[in-house]
Amino acid sequence: MAHPTQLGFKDAAMPVMEELLHFHDHALMIVLLISTLVLYIITAMVSTKLTNKYILDSQEIEIVWTILPAVILVLIALPSLRILYLMDEINDPHLTIKAMGHQWYWSYEYTDYENLGFDSYMVPTQDLAPGQFRLLETDHRMVVPMESPVRVLVSAEDVLHSWAVPSLGVKMDAVPGRLNQAAFIASRPGVFYGQCSEICGANHSFMPIVVEAVPLEHFENWSSLMLEDA
Amino acid sequence: MADVIDDKIKNYRTAPFDARFPNTNQTRNCFQNYLDFHRCNKALSSKGQDASPCEWYQRVYQSLCPMSWVSLSYQKHLNNRTFE
């Protein structure tokens, strides 16, 4: 959950998301250093009264300002490619959940053993309990066991949607007629919020996603209760 | 062979990684397992054999395919015999 005046990413709950956070810090630091250097040089050029009319060329500085940017780019590219391949690792999931986008709610299906399916509507602002988050809470949360690889198959029943949970590092488009696979591991218990990320009509901003990661026994109790209620 | 399959079905957790469908788009994975289940059933029952090994395909397609796809679209095609 984001806190007020937050500028950076949300706290990661997924190992790959942690890597992305560190990489973002690394790339941003390089960008800031370069920008500061350029700004300093510009102000120095503009604020001096000295002139030099006799420089024709300089091999040394040309070599430096060709090799140095190439080195910087390699320093950015190597961690970037590492994370790219890390995201594509083959993982053997313990659980498959289907997230189907509708106008304007999500429905979740857990069909590995029994046919459990339920809808997840946003809690309207006037029905919120004290302490709950506006436009982010839902009546039913997608509960997952923590520290288990989970496969989410995202699709849509009508128009394009997108299933996104930033803390888990997942954003996957929901396309009607297509089943898109995303995978994550919730490395800590908690409640993770996200919102629909593809414009889908009037209530596009009002179909949030809430993922709750709990220990396995709690997950089993929850799924038995949901099956009884269904 | 049959007991290997029985073991796999008994220890089933969810659809495992399938190297035929390594990418993000798993539509074909769902469809293929649905077809394989029905073909397996048809082939084994036409020979009068036990169709329990086909349960693997059933578990996999139930894990992967959205319930609405199976009950509406695939079932309709099955009833109309438009799958071949």
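Quick caveat, the model's predicted, so the values are computed rather than measured.

Chemist: Before we go on, may I ask you to explain the overall build of chain A in this structure?
Modeler: Summing up its helical and strand segments, chain A has 3 helices and 10 strands in all. The order of α-helices and β-strands along chain A, N terminus first, is α-α-β-β-β-β-β-β-β-β-β-β-α. Referenced to the eigenvectors of the C-alpha coordinate spread, the extents of chain A come out at roughly 85 × 40 × 35 Å. Counting all 230 residues of chain A, 36% fall into the buried class. Across chain A, contacts joining residues at least 24 apart in sequence account for 64% of those joining residues at least 6 apart. Here chain A displays about 13900 Å² of accessible surface, and carbon together with sulfur accounts for 63% of that area. Separation between the mean location of the 11 positive side-chain charges and that of the 27 negative ones in chain A comes to 12 Å.

Chemist: How do you make sense of the sheet that holds strand 10 (residues 208–214) of chain A when you look at a structure like this?
Modeler: As a general point, the strands of a sheet are linked pairwise by backbone hydrogen bonds and lie either parallel or antiparallel. Residues and elements named next belong to chain A. The sheet built from 3 strands is open, its strands ordered 4-10-9 with mixed pairing. The open sheet has two edge strands with one neighbour each: strand 4 (142–145) and strand 9 (190–195). Geometrically, the sheet is characterised by an average inter-axis angle of 25 degrees between neighbouring strands, direction not taken into account. Both strand 9 and strand 10 contribute to a ladder of 6 bridges, which runs antiparallel. Each bridged residue has a counterpart across the sheet, and for Val-191 the counterpart in strand 10 is Glu-212. Relative to strand 4, helix 3 (residues 216–229) is tilted by about 140 degrees, and along the sheet it contacts strand 4 and strand 10.

Chemist: It is not clear to me how the nonpolar core should be interpreted in this structure. Could you clarify?
Modeler: For soluble globular proteins, nonpolar side chains are generally found buried alongside one another. All names here are of chain A. With 42 residues, the main nonpolar core has Trp-106, Tyr-108, Tyr-110, Met-142, Trp-163, Leu-168 and Phe-184 as its most contacted residues. Mapping this core onto the domain boundaries places at least three of its residues in each of domain 1 (15–88) and domain 2 (95–229). Apart from the residues within four sequence positions on either side, Tyr-108 is in contact with Ile-97, Lys-98, Ala-99, Leu-116, Gly-117, Phe-118, Ser-120, Met-142, Trp-163 and Ile-209.

Chemist: Sorry if this is basic, but what is going on with the UniProt feature "binding site: Cu cation A1" in chain A here?
Modeler: Residue and element names in this part refer to chain A. The feature "binding site: Cu cation A1", as given by UniProt, occupies His-161, Cys-196, Cys-200 and Met-207 in the numbering adopted here. A compact arrangement is adopted by the annotated residues: their sequence extent is 47 residues, whereas the largest C-alpha distance between any two is 10.0 Å. The topology assignment puts His-161 in strand 6 (residues 161–165). Discounting chain neighbours no more than four positions away, the residues touching His-161 are Gly-101, His-102, Gln-103, Trp-106, Ala-156, Asp-173, Ala-174, Cys-196, Glu-198, Cys-200 and Met-207. Summarising the element assignment, Met-207 is placed in the loop between strand 9 and strand 10.

Chemist: How should the packing of aromatic side chains be read in this particular structure?
Modeler: To describe a pair of aromatic rings, you give the distance between the ring centres and the angle between the ring planes. Within this structure, the stated rule accounts for 11 aromatic pairs over all chains. Note on B:Tyr34 and B:Tyr61: the rings are 4.9 Å apart at their centroids and 80 degrees apart in plane angle, and the pair reads as edge-to-face. Residue B:Tyr34 is located in helix 2 (residues 27–46), and its partner B:Tyr61 is located in helix 3 (residues 55–64); the two are separated by 27 residues in the primary sequence. For the pair B:Tyr34 and B:Tyr61, one class covers both residues: buried. Feature note: the residues A:Tyr108, A:Tyr110, A:Phe118, A:Phe219 and A:Trp222 constitute an aromatic cluster, connected by ring pairs. The ring centre of B:Trp56 lies 4.7 Å from the NZ or CZ of B:Lys8, which sits over that ring.

Chemist: Please clarify how the interface of chain A and chain B should be interpreted in this entry.
Modeler: Where interface size is given, it is often the accessible area lost as the parts come together that is meant. The interface is formed by 26 residues belonging to chain A together with 21 residues belonging to chain B. Both faces combined, the contact of chain A with chain B buries some 2000 Å², and carbon together with sulfur accounts for 50% of it. At the junction of chain A and chain B, the tally comes to 16 residue pairs in polar contact (both at pLDDT 80 or more). Elements represented by at least two residues in the side of chain A that touches chain B include exactly strand 1 (95–102), strand 3 (116–120), strand 5 (149–156) and strand 8 (180–185) of chain A. Here the side of chain A that touches chain B is built from residues that sort into 9 nonpolar, 10 polar and 7 charged.

Chemist: What am I meant to see in the environment of B:Asn11 here?
Modeler: All names here are of chain B. Counting through the fold element by element, Asn-11 comes out in the loop between helix 1 (2–10) and helix 2. Taking relative accessible area as the criterion, Asn-11 reaches 58% and is therefore assigned exposed. For Asn-11 and Pro-66, which are 55 residues apart along the polypeptide, the C-alpha to C-alpha distance reads 22 Å.

Chemist: It is not clear to me how the domain arrangement of chain A should be interpreted in this structure. Could you clarify?
Modeler: Taken domain by domain, chain A holds domain 1 (15–88) and domain 2 (95–229). With centres defined by C-alpha atoms, the gap from domain 1 of chain A to domain 2 of chain A works out at 40 Å.

Chemist: Honestly, the environment of A:Asp11 in this entry has me stumped. Any pointers?
Modeler: All names here are of chain A. Relative to the assigned elements, Asp-11 resides in the segment before helix 1 (15–46). Residue class for Asp-11 comes out exposed when judged on its relative accessible area of 60%. Taking C-alpha positions, Asp-11 is 25 Å from Leu-33, a pair spaced 22 residues apart along the chain. The contact partners of Asp-11, leaving out residues within four places of it in the chain, are Ser-167 and Arg-188.

Conventions adopted
- Residues numbered from 1 in each chain as written.
- Chains lettered and ligands numbered in written order.
- Predicted model: local features only at pLDDT ≥ 70, side-chain atom pairs only at ≥ 80, totals over all residues.
- Heavy atoms only, no water.
- Helix = DSSP H or I, 4+ residues; strand = E, 2+ residues; numbered from the N terminus.
- Buried < 20%, exposed > 50% of the residue type's maximum accessible area, 1.4 Å probe, protein only.
- Contact = heavy atoms within 4.5 Å.
- Areas by Shrake-Rupley, 256 points an atom, 1.4 Å probe, with all protein chains shown as cover.
- Lys, Arg positive; Asp, Glu negative; His and termini not counted.
- Charge placed at Lys NZ, Arg CZ, Asp CG, Glu CD.
- Pairing = 2+ DSSP bridges.
- Axes fitted to C-alpha atoms, helices over the stretch in contact; angles between N-to-C directions.
- Core = buried A, V, L, I, M, F, W, Y, C linked by side-chain atoms within 4.5 Å.
- Domains from an automatic or database assignment.
- UniProt positions renumbered as here; feature names shortened; annotations may be inferred.
- Phe/Tyr/Trp six-rings, centres within 6.5 Å; stacked < 30°, edge-to-face > 60°.
- Lys NZ or Arg CZ within 6 Å of the ring centre and 35° of its normal.
- Buried area = accessible area lost by both parts, 1.4 Å probe.
- Polar contact = N/O pair within 3.5 Å; in protein donor to acceptor, adjacent residues only side chain to side chain.
- Nonpolar A, V, L, I, M, F, W, Y, C, P; charged D, E, K, R; others polar.

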